[in-house]
Amino acid sequence: MAKIGIYGGTFNPPHIGHIRAANCAVSALGLDKLLLIPDRIAPHKVMPVGSPEPMQRLEMVRLSVAGMPHLEVTDMELNREGPSYTYQTLQTLLEQHPGDTLYLLIGTDMFLTFRQWKNAEYLWKNAVLGVFYRGERDEKSAIDQCKAEMEALGARVVLIQNPVVDISSTQLRRMLVFHCADPFLPQGVGDYIRENKLYGTGECYRNLPMAELEAVVTGLLKPNRVAHVLGCRDTAVELARRWGANETDAARAGLLHDITKALDGELQLTLCREYGILLDAFFTKNPKTLHALTGALVAQRIFGENDAVVSAIRSHTTGKAKMTTLEKIIYVADYMEPNRDFPGVEKLRQLAFTDLKEALKLGLTMTLELLKKQGSDISPESQEALAYLNKSL
């Protein structure tokens, strides 16, 4: 009797996290074979606009497992019309593997909502659930509780601690646009993506007209960040008009200032490594503060923005000594755009149109006071910026 693993998903695109998890399951469960099954239409998510054709996703998965005899790719869901429901796949596999033990491999989020799946009871009665988890305390506690509840219903559940590769396919699609995804792609997949111009890799984003720039940028942000970015752009334009700065530069810097904000700290560091940027001690210790630096790099290298825009993005979180008018505008606009709501923001909004330097000073002062209260590290650039303003005002 063989032990067969079932590992489905959109694989849009497949990355090293998928392949490491698959190999981890083979080892942990003693599987004779693991089937990777790209779905045709995912029932639980909408495929992003511009996603590759199903057969292209299949080919990328095949490239990902080349030379791995225990991993096998099947197109069984791609050949079936309609949504790719797992219970239908399991029915087919039970017919193909009578007497074998089938293991359905799922991640933590899927497991915690498993009872909401279509025909979930059929699934847990006919397959062992292999659940990947990272090992964090809160996650493990939730999984243990769900495991006990599922087992009380008659399910067989095996937990598989998975070596963490902290990237999702959504994040990877962003990294592909930024030209720094290769560290997370299985061998051959990056070349396939570029040869077929998938995920926007064949597009030129340099010097886009404003409307096109907005569409591209908002597509790369997390949805909950879009209103802030558009608010920052509009506020920056108003301030540029008030203080005689270039309104086009203000709009473009406002749109692009958070272009890499969706990337977590490790991905920020990856982008710097791929771009050949050496970091100082502060940024190395505090990678979550890197989005201003990486955003400026992306604005310059991917979007072809001018030096004034790039510099304004670079200083929009920390400030710096001797800031230009545009740099002050982007810093203040980011702080006070209409979606911001915190004590002192109304005073900042009034100052921004009457005394830009004082508004900048107030923003820096509030930031440093908050960081001190939190016990967080303070950027040397912020300290230098405030010292310069105190000396010059």
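Provided above is the structure to which this section pertains.
Residues numbered from 1 in each chain as written. Predicted model: local features only at pLDDT ≥ 70, side-chain atom pairs only at ≥ 80, totals over all residues. Heavy atoms only, no water.

Draft legend 1. Geometry of a negative patch on the surface. The grouping of Glu136, Asp138, Asp166 and Glu266 at the surface amounts to a negative patch. Residue placement: aspartate 138 occurs in helix H6 (residues 137-152). Classification of aspartate 138 by relative accessible area gives exposed; the value is 66%. (Patch = residues over 30% accessible without salt bridge, like charges linked within 9 Å, V, L, I, M, F, W, Y side chains within 5 Å. Areas by Shrake-Rupley, 256 points an atom, 1.4 Å probe, with all protein chains shown as cover. Salt bridge = Lys/Arg side-chain N within 4 Å of Asp/Glu carboxyl O. Lys, Arg positive; Asp, Glu negative; His and termini not counted. Charge placed at Lys NZ, Arg CZ, Asp CG, Glu CD. Helix = DSSP H or I, 4+ residues; strand = E, 2+ residues; numbered from the N terminus. Buried < 20%, exposed > 50% of the residue type's maximum accessible area, 1.4 Å probe, protein only.)

Draft legend 2. A look at the packing of aromatic side chains. Tallied over the full model, the rule gives eight aromatic pairs. Geometrically, the ring pair formed by tyrosine 85 and tyrosine 87 is tilted, given 6.2 Å between the ring centres and 35° between the ring planes. Note on tyrosine 85: relative accessible area 26%, which makes it partly exposed. Relative accessible area serves as the criterion here: at 14%, tyrosine 87 is assigned to the buried category. Taking 4.7 Å as the distance between ring centres and 40° as the angle between the ring planes, the aromatic pair formed by phenylalanine 114 and tryptophan 117 counts as tilted. Residue class for phenylalanine 114 comes out buried when judged on its relative accessible area of 0%. (Phe/Tyr/Trp six-rings, centres within 6.5 Å; stacked < 30°, edge-to-face > 60°.)

Draft legend 3. Spotlight on the sheet that holds strand S3 (residues 71-73). With parallel pairing, the six strands of this open sheet are ordered in space as S3-S2-S1-S4-S5-S6. Two strands bound the open sheet, and with one partner strand each, they are S3 and strand S6 (157-161). Averaged over all adjacent pairs, the angle separating strand axes in this sheet is 30°, with direction ignored. Relative to strand S5 (residues 128-133), strand S4 (residues 101-106) runs parallel, the two sharing four bridges. Note that in S5 the partner of leucine 104 across the bridge is leucine 129. Where helix H1 (residues 16-29) meets the sheet, its contacts fall on strand S1 (3-9), strand S2 (33-38), S3, S4, S5 and S6, and the angle it forms with S6 comes to roughly 125°. Each of S1, S2 and S4 touches helix H3 (residues 86-96); the most contacted strand, S4, lies at about 155° to it. (Pairing = 2+ DSSP bridges. Axes fitted to C-alpha atoms, helices over the stretch in contact; angles between N-to-C directions. Contact = heavy atoms within 4.5 Å.)

Draft legend 4. Just helix H16 (residues 325-336), in detail. Taking 1.5 Å per residue, 12 residues should reach 16 Å; H16 reaches 16 Å between its end C-alpha atoms and fits that length. Burial of H16 is extensive: 11 of the 12 residues sit out of reach of the surface. Here H16 has its buried residues at Leu326, Glu327, Lys328, Ile329, Ile330, Tyr331, Val332, Ala333, Asp334, Tyr335 and Met336. Buried positions along H16 lie against helix H10 (226-243), helix H11 (247-256), helix H15 (307-314), helix H17 (345-352) and helix H18 (356-374). (Expected span 1.5 Å × (residues − 1).)

Draft legend 5. Here's a closer look at the side chain of threonine 367. Looking at where threonine 367 falls in the secondary structure, it is placed in helix H18. Within polar-contact distance, the side chain of threonine 367 engages the side chain of tyrosine 335 at 2.9 Å. A distance of 2.9 Å separates the side chain of threonine 367 from the backbone oxygen of glycine 363, its partner in a polar contact. Among all residues touching threonine 367, those that are not within four sequence positions of it are Tyr331 and Tyr335. (Polar contact = N/O pair within 3.5 Å; in protein donor to acceptor, adjacent residues only side chain to side chain.)

Draft legend 6. How the structure looks around the pattern of salt bridges. Scanning the entire structure with this criterion turns up 19 salt bridges. Residues glutamate 121 and lysine 125 are paired through a salt bridge, measuring 2.7 Å at the closest nitrogen-oxygen approach. Note that glutamate 121 and lysine 125 are positioned in helix H5 (residues 120-126) at a spacing of four residues, about one turn of the helix. Between aspartate 334 and arginine 340 there is a salt bridge, with the nearest N and O atoms lying 3.3 Å from each other. By relative accessible area, aspartate 334 is classed as buried at 9%. One continuous salt-bridge network, built from bridges that share partners, spans Asp182, Asp191 and Arg194.

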